[in-house]
Amino acid sequence: MRLLTDVGLEPTSKRLYVLELLLRATKALSAPQLLEHIVHDNAMNKVTLYRILDKLVEKGVVRRTTSADRMHRYCAGFHGEFHCHFHCVRCDKTYCLPPPPDNRPTMPPEMCVGRIDTVDILYEGVCSACIAPCETDSPPQSP
Ligand SMILES: [Zn+2]
Ligand SMILES: [Zn+2]
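Everything in this summary refers to the structure shown in the same document. Nothing here was measured: the structure is a model prediction, and the numbers come from that model. (Residues numbered from 1 in each chain as written. Chains lettered and ligands numbered in written order. Predicted model: local features only at pLDDT ≥ 70, side-chain atom pairs only at ≥ 80, totals over all residues. Heavy atoms only, no water.)

1. Describing the nonpolar core
The biggest cluster of nonpolar side chains holds 23 residues, and the ones touching the most others in it are Leu22, Leu49 and Val62. Secondary-structure elements contributing two or more residues to this core are helix H2 (13-25), helix H3 (31-41) and helix H4 (46-58). Element by element, the count of residues in this core is highest for H2, at six residues. In this structure, Cys88, Tyr95, Cys127 and Cys130 belong to the second largest nonpolar core, which totals five residues. (Core = buried A, V, L, I, M, F, W, Y, C linked by side-chain atoms within 4.5 Å. Buried < 20%, exposed > 50% of the residue type's maximum accessible area, 1.4 Å probe, protein only. Helix = DSSP H or I, 4+ residues; strand = E, 2+ residues; numbered from the N terminus.)

2. Let's talk about unusual backbone geometry
Positive phi outside glycine occurs at Arg70, with the angle close to 65°. Structurally, the position occupied by Arg70 is in the loop between strand E2 (63-66) and strand E3 (72-75). Take Arg70: its relative accessible area is 72%, and that puts it in the exposed class.

3. Re the pairing of strand E4 (residues 85-88)
Pairing of E4 with strand E5 (residues 94-96), which is carried by three bridges, proceeds in the antiparallel orientation. Its bridge partner being in E5, His85 is matched across the sheet by Cys96. If you look at the hairpin formed by E4 and E5, you'll find five residues sitting between the two strands, and Asp92 has a positive phi there, around 70°. (Pairing = 2+ DSSP bridges.)

4. So, the coordination of the zinc ion (ligand 2)
Taken together, the protein donors to the zinc ion (ligand 2) comprise Cys75 (SG), His83 (NE2), His85 (NE2) and Cys96 (SG), at separations of 2.0 to 2.2 Å. Considering all four donor atoms around the zinc ion (ligand 2), angles at the metal cover 101 to 118° and the coordination shape is tetrahedral. Look at where the donors of the zinc ion (ligand 2) fall in the sequence and you get C-x7-H-x1-H-x10-C. On the basis of relative accessible area, His83 is assigned to the buried category, the value being 2%. (Donors = N, O, S within 2.8 Å, 3.2 Å for Na, K, Ca; no water. Tetrahedral: all angles 85-135°; square planar, octahedral: opposite > 155°, others 65-115°.)

5. Some words on the coordination of the zinc ion (ligand 1)
At 2.2 to 2.3 Å from the zinc ion (ligand 1) lie its protein donor atoms, namely Cys88 (SG), Cys91 (SG), Cys127 (SG) and Cys130 (SG). In primary sequence terms, the donor set of the zinc ion (ligand 1) follows C-x2-C-x35-C-x2-C. Linking Cys88 in strand E4 with Cys127 in the loop between strand E6 (122-125) and helix H5 (128-131), this pair joins segments that are 39 residues apart in sequence. A residue is classified by how much of its surface remains accessible, and Cys127, at 4% relative accessible area, is buried.

6. A short note on the environment of Ser13
Summarising the element assignment, Ser13 is placed in helix H2. A residue is classified by how much of its surface remains accessible, and Ser13, at 60% relative accessible area, is exposed. Along the chain, Ser13 and Pro109 lie 96 residues apart, while their C-alpha atoms are 44 Å from each other.

If you want it as structure tokens, here you go:
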């Protein structure tokens, strides 16, 4: 609840519901993945979901990352602070990677062409659970 009031957002039940889903997921989820839960709970429609996600991203509570297939994924990991993601092209899971020590995105000074406002770094590949043949049947446990 404080996550929302801290950034000046009214903690409506729908916003809290979406944020709860993302906090519980511990991974970045796409809107269709979120909708699977939402439709199950019969909580809201797609348009409302996108509006809520946009608002949460705008306020920095939720981070958005976009993969090569142009799919947006959303996460509430690390309190919305800067961090990178890893997308497994086999199981389609998107892992949140720990933030860098100084918690800030950086550019090499010689490449610095201006002020950085947002950064979206997404590594793509195959996760270790998908690489290990004996583990393919059991997805990695959430921390
Ligand atoms: Zn995988
Ligand atoms: Zn994340």
